Structure formats: C-alpha cells, structure tokens
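An overview of the molecular structure
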Amino acid sequence: MSEKGTRSSDPLRPSDHIDGDDRVTSPALGFVGWLRWGWRQLTSMRTALVLLLILAIAAIPGSIFPQRMADPNGVTQWKADNPDLFPILDALQMFDVYLSAWFSAVYLLLFLSLIGCVIPRIKHHATALRSRPPRTPIRLKRLDDHREAVRSVPEGADAAAAAEKAVDIAQSQLRALRYRVERYDDKRGFSVSAERGYARETGNLLFHLALLGVLVTVGVGGGFAYTGQRVMTEGETFVNTLLDYSSMNKGRYVADGALAPYAMTLDSFDVTYVPWGESAQGQAGDFSANVTVREPGGEPRQESVRVNHPLDVRGDKVYLLGNGYAPTITVRNAEGEVAFHGPVPFLPQNNATMTSLGVVKITDGMPEQLGMVGFFYPTAAALETGALTSVYPALVNPTLTLNVYSGDLGIDDGTPRSVYVLDPTDMTQLTGGDTGVDSIELTPGQTQELPGGLGSVTFEDESPEGATDASQSVRRYVSLQVHHDASAVWVLVFAVLAVVGLLLALFVPRRRMWVKAVVVDGAVHLEYAALARGEDPTLAAAVKDLAEGHERLLDADGGTTAASAPDASENPRK
C-alpha cells in the first residue's frame, strides 16, 4: 500500500493533519488585509524601538557635517575645501539633515508607530483601572510564592467568625499597603484579593506619551524658531531685524515682523590670558562681551554675554560663539579721498596666539577694484626665515601685513561671495609672493603707499588719548548667535515626564496578593500567596512580610491563637 493510502486509513491521523495530504492554504489577504497587516507591523513596540534607533543613527551626520541652519559659514568653508565631494553630499541633504526628506520620513513613521502603540494600551489600561482584582484561586498552593499558618480558636468561640475577622484584618492591612482589594467570600471560606502596581503601566504610558510630546514639540516648534548670527565690533550697535543679521535661518512659520524689537550695542570685550612666562602662558580665561540692551519703553541696561552663559532678551537667547581682532583700516586713492574705512574682522587661525587672517574688498573709489589679504599678529615676532608670527594672543606688538590684488572681485555678476574669502582668479597680485614687491607691513598709526601710485593704506590706532601701551590699539569683535525657540521649555517638561515615567516603569512592581481563611477541624487555616506580573525578585519577601505582619495583627486582636508559625519553606512545586 502506498504511503498516501496508509495515512488516509490511519484512524489516529485525520486527513487534514499537518502530515496529511490535504494542503492548508492561507486565504488571499487582499488590499485591505495587507493594509491591516502593515499597520499592525508599524504599530508594534518592536517597530517603534527599531525606528527610534534608526532616528538616532540618522542624526549622526548632523554632528559630522556642518548644518546650514546652525553653521552656514561652516558649510561654505566645507564646500571650498571639498569641491568634488560637496555636490554629492549636498544632494543627499547631509548639510540639512534635520530638514531632509529621509530624516522627516523616519521621524513621521516613529510618530505614527508610537501613536498606534500608545492609544490601544491607554484603552486597555483604563479598562484595567476600572476592573476588580481577580477572584482568589481555589488552590493557592500551586503558586510558587505561598505560605500557610494555622490559628486555634478559643473554646466556645465561633470559628467561622474568627476566620472572617482574620480576612477583615488582612483586608485592612493590604489596603494600608496601597493595594486595591476585593472580598471573595463563599461557602468554602473567606478570602481577599489584592492588586497593586498599576503605576508601572501608567509610567510606561507616560514615557511614550512624553516621547510623543517631544516629537510634536520639536516638529511644530521648529517652524516657529529662528537662529541668526551677527559679527559685532566694539562700539557697533545691532538691531534685531532680518536686515541686520549676517546670516539667518528661520522656521517656515516665522513672519518677517515676528522678531522681538530691541537693540544691542557691544561696549567692550574682556578676556584674560595667562601672563607671559607662566605655565600655560597665553591660555584664555574668562570671556565677557559687555553690551547695552535697549528695549521699547524701557531704560538701557548693562548686560554681559559669556561662554555657556547666554543673555536672555525678550525670549531670545544670545550666545557668544567666537571672538577676534578687527583692525581699523583706511584706504585712500591717489587724490587722497577715502575709498574704504572701517574695522575688518580677522579670523583667528591659531587660538593659542591669535594669528588671524582677514580680507579687505574695495569696490568703488579706485581705478580698479582692489582686494587685500592680510595677517594680523597681536604680538609679532620674526622667525629665523624672516617671516612673522604671533607669540602671544594679547596686544603687545600688534602688526598687520597685507598683500594687494587688483582686478575683478567677482561680485558684479550677482554670485554670492564670502566676505572672508578673496578669489584672485581674475586679479593681479601687486605685492608679496612672486611680485618682487614686499608685502605691506603696518603697526597701529602707520600709513604706507600702495604700489603703482594707487593711493595709501593706514592701520588706524584706536588707543584712547594718553595711552602708553598697545593693549587698546585694536578693536575686538565677537560672533553672536541669537536663537529663539519657545518650544524649548516644553521639550524640557516632556523630557522630565519621560524620565519620571521610565523610573515608574522600571521600579514599581506589579503584583497580586491573596489571603484566604478556611475553617478546618475547628481551627482557622490561613494561606498567603502572590503572583508577579513580570519580573519581581522581591515577591517572596513581600509574602513573608505580609504573613508576619498579619500574624502580629491577629495576636494584637486576640481572636485567635497561633497554633503554628507561618511556613517559611518554599513551595515543593517550585
């Protein structure tokens, strides 16, 4: 007989058995079925955790590459340093990570997943909160954490009344321990069922709701936030308008007139350096940008902006990002007319000595457009090669060197150009390099002629009258960042709630306790048992404490007498 016939004739093996011939085929899901399956997969807690991990990984490029929203100058510099790689990374939105399509997709999927996880659990938890503790199991001995005790009843006393009294006392005891209790008395005896630990699930839900709150607050609040940068030299005033920022990144919901009205003047910038000759000489100490803030309808007030101590002005946080020197340079043409005058911020190339690089661009007033690339040395000293360097960051021997270029600055075609970079492609170098003409070298107050009779350049001395040193001969500048984000407080609130919820979910035990009293041969037999909902290493100790505490209460009541001590041995089935 064939194997097929043997199987079909076997009375112990029905034809639709897994080993039978009849194949079990799943019905086609259909479009709605696949949608339901996809929604269940998306709203599982496992998927939410995976998406949270992916979101954390997706945020890593935001800390590796400069972001246009926070550091537009850094993006420009990265593009100049990596011209071949930049277009590829820019197409992948690596410089706009938190606004990119792929980051937003993960963000929205996580948001939907959390909503799908939390809402059903909230409904289930609300039902559990309204439900009664479960009935007392008939055989408490089957539970792992179980104890027994026998109490004798005085002669002539009602044993059933004593048993009921013992359960009444246990009920009060459990209620004092913050259990939800329910009596279940029947003909077999008296019992109380207790349950506690609902705060565990409440904390779990609170954590997920707080995480949702953070996602919503960050997503919505980012549309109303703005971040702007401004470079200010000493004596300069900044007005909080869009036109007065060096760069500005604002949310899509920020209107042009949404900025708070105020003005801020940089009075001075104070910095201390470790004195010359001491250990760690030249190391910077405390930085302080001293400003005067003016608000509509208020008196001017003196404030300071320091590192890690932002200034709060009408909801804006003003941060100190950087600082440097801004030598005041005056350029005159051959007729002596001023073609350029003002302080020029020089970017530090070495924070230990503050050797700084700067660019001057002169578009009008000269026969041709002029560009100057210069180095500023706060404390200039000559190397063996004759080149200059700075040996100390404070103003001891300030010196300015300039290389001059003439030609097309490349700004007339409308192409955006950085004020800190000079493109010499269409320009002719007039000093320094291979020109055979020495670079222009100036100290505060000095003037030197430009090559070819083009005019002169002066390094202005900013020292007050009567000053005997060079410590105030050059202005300082600061780089400030103004950040406005009203959602930051709510993010903090939700973050605190998430921590609270996580602590509740981790450290609040969820357990059920039962105390049962039955009358056997005129004595009261007591049983104590517990069951944990999840891991609870303290459950056995809780049962022991309950039994011992109940015994003390019964002894104080005097209605029964201990016939045997609570059984401290483990359940044989364990």
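Residues numbered from 1 in each chain as written. Predicted model: local features only at pLDDT ≥ 70, side-chain atom pairs only at ≥ 80, totals over all residues. Heavy atoms only, no water.

Let us look at the overall build of the chain. On a plain count of helices and strands, the chain comes out with 11 helices and 27 strands. Taken over C-alpha atoms, the radius of gyration comes to 40 Å for the chain, far larger than the 25 Å a tight globule of 574 residues would show. Expressed as lengths along the three principal axes of its C-alpha atoms, the size of the chain is roughly 125 × 80 × 55 Å. A buried classification covers 39% of the 574 residues belonging to the chain. The contacts of the chain with a sequence gap of at least 6 include a subset with a gap of at least 24, amounting to 62%. For the chain, the accessible area works out to roughly 31800 Å², and carbon and sulfur atoms hold 56% of it. (Helix = DSSP H or I, 4+ residues; strand = E, 2+ residues; numbered from the N terminus. Rg over C-alpha atoms; globule rule 2.2 N^0.38 Å. Buried < 20%, exposed > 50% of the residue type's maximum accessible area, 1.4 Å probe, protein only. Contact = heavy atoms within 4.5 Å. Areas by Shrake-Rupley, 256 points an atom, 1.4 Å probe, with all protein chains shown as cover.)

Attention shifts here to the UniProt feature "transmembrane region" (unreviewed entry) in the chain. Taking the numbering used here, the UniProt-annotated feature "transmembrane region" (unreviewed entry) corresponds to residues 48-65, 99-122, 205-226 and 488-508. The span residues 205-226 carries 77% helix and 5% strand; its end-to-end C-alpha distance comes to 32 Å. Each end of residues 488-508 is marked by a C-alpha atom, and these two atoms are 30 Å apart; helix forms 95% of the span and strand 0%. (UniProt positions renumbered as here; feature names shortened; annotations may be inferred.)

Attention now moves to the environment of Ala339. Among the structural elements, Ala339 can be located in strand S13 (residues 338-343). Classification of Ala339 as partly exposed rests on a relative accessible area of 22%. Along the backbone, Ala339 and Gly455 are 116 residues apart, and their C-alpha atoms lie at a distance of 9.6 Å.

The next thing to look at is unusual backbone geometry. With a phi angle near 60 degrees, Gln93 is a residue other than glycine that sits in the positive phi range. Looking at the element boundaries, Gln93 is found in the loop between helix H6 (86-91) and helix H7 (101-130). Even without being glycine, Asp521 reaches a positive phi, approximately 55 degrees. Relative to the helices and strands, Asp521 resides in the loop between strand S25 (511-520) and strand S26 (523-532).

With that settled, consider the pairing of strand S23 (residues 455-459). Counted residue by residue, S23 has 5 buried out of 5 residues, so it is predominantly covered. Here S23 shows a buried face lined by Gly455, Val457 and Phe459 and a second buried face lined by Ser456 and Thr458. For strand S12 (residues 328-333) and S23, the ladder comprises 5 bridges, and the chain directions are antiparallel. The partner of Val331 across the bridge, within S23, is Val457. Taken together, the 3 bridges between strand S22 (residues 447-449) and S23 define a ladder with antiparallel strand orientation. Pairing of Gln448 across the sheet is with Val457, part of S23. Linkage of S22 to S23, two consecutive antiparallel strands, is achieved through a turn of 5 residues, within which Gly452 is found at a positive phi near 75 degrees. (Pairing = 2+ DSSP bridges.)

On to a negative patch on the surface, then. Taken together, Asp364, Asp408, Asp412 and Asp426 make up a surface patch of like negative charges. Here Asp364 is to be found in the loop between strand S15 (355-362) and strand S16 (369-377). (Patch = residues over 30% accessible without salt bridge, like charges linked within 9 Å, V, L, I, M, F, W, Y side chains within 5 Å. Salt bridge = Lys/Arg side-chain N within 4 Å of Asp/Glu carboxyl O. Lys, Arg positive; Asp, Glu negative; His and termini not counted. Charge placed at Lys NZ, Arg CZ, Asp CG, Glu CD.)

The 4 strands lie next to each other as S13-S12-S23-S22, forming an open sheet whose pairing is antiparallel. The sheet is open, and its two edges are formed by S13 and S22, each paired on a single side. The sheet shows a mean angle of 15 degrees between the axes of neighbouring strands, taken without regard to direction. (Axes fitted to C-alpha atoms, helices over the stretch in contact; angles between N-to-C directions.)

Moving on, we come to the packing of aromatic side chains. Each aromatic ring pair is described using two quantities: the centre-to-centre distance and the angle formed by the ring planes. If you walk through the whole model with that rule in mind, you get 15 aromatic pairs. Judged by centre distance (5.7 Å) and plane angle (80 degrees), the ring pair of Trp34 and Trp37 falls under edge-to-face. Separated by 3 residues within a single helix, Trp34 and Trp37 lie in helix H2 (residues 30-42), roughly one turn from each other. Residue classification places Trp37 among the partly exposed positions, given a relative accessible area of 46%. Pairing Trp490 with Phe494 gives two aromatic rings, centres 6.5 Å apart and planes at 35 degrees, and the pair type is tilted. (Phe/Tyr/Trp six-rings, centres within 6.5 Å; stacked < 30°, edge-to-face > 60°.)

In this section: helix H9 (residues 198-221). Helical periodicity: at 3.6 residues per turn, an α-helix aligns residues three or four positions apart in one direction. Along its 24 residues, H9 runs 33 Å from first to last C-alpha, staying within 8% of the 34 Å computed at 1.5 Å per residue. For H9, the set of buried residues is Tyr198, Gly203, Leu205, His208, Ala210, Leu211, Leu212, Gly213, Leu215, Thr217 and Gly221. Looking at the packing, one finds that the buried side of H9 touches helix H3 (45-58), H7, strand S2 (180-183), strand S3 (190-196) and helix H10 (488-507). (Expected span 1.5 Å × (residues − 1).)

It is worth spelling out the packing of H7 against H9 at this point. Between two packed helices, both the angle of their axes relative to each other and the distance between the axes serve to describe the pair. It is the contact of H7 with H9, at a shortest axis distance of 10 Å, that shows an interaxial angle of 150 degrees. Classified by the angle their axes make, H7 and H9 are roughly antiparallel. Here H7 and H9 pass one another in a crossing that is left-handed. Its residues assigned to classes, the contact of H7 with H9 shows 18 nonpolar, 5 polar and 2 charged. (Parallel < 35°, antiparallel > 145°, perpendicular 65-115°, else oblique. Left-handed = near helix turned anticlockwise from the far one by under 90°. Nonpolar A, V, L, I, M, F, W, Y, C, P; charged D, E, K, R; others polar.)

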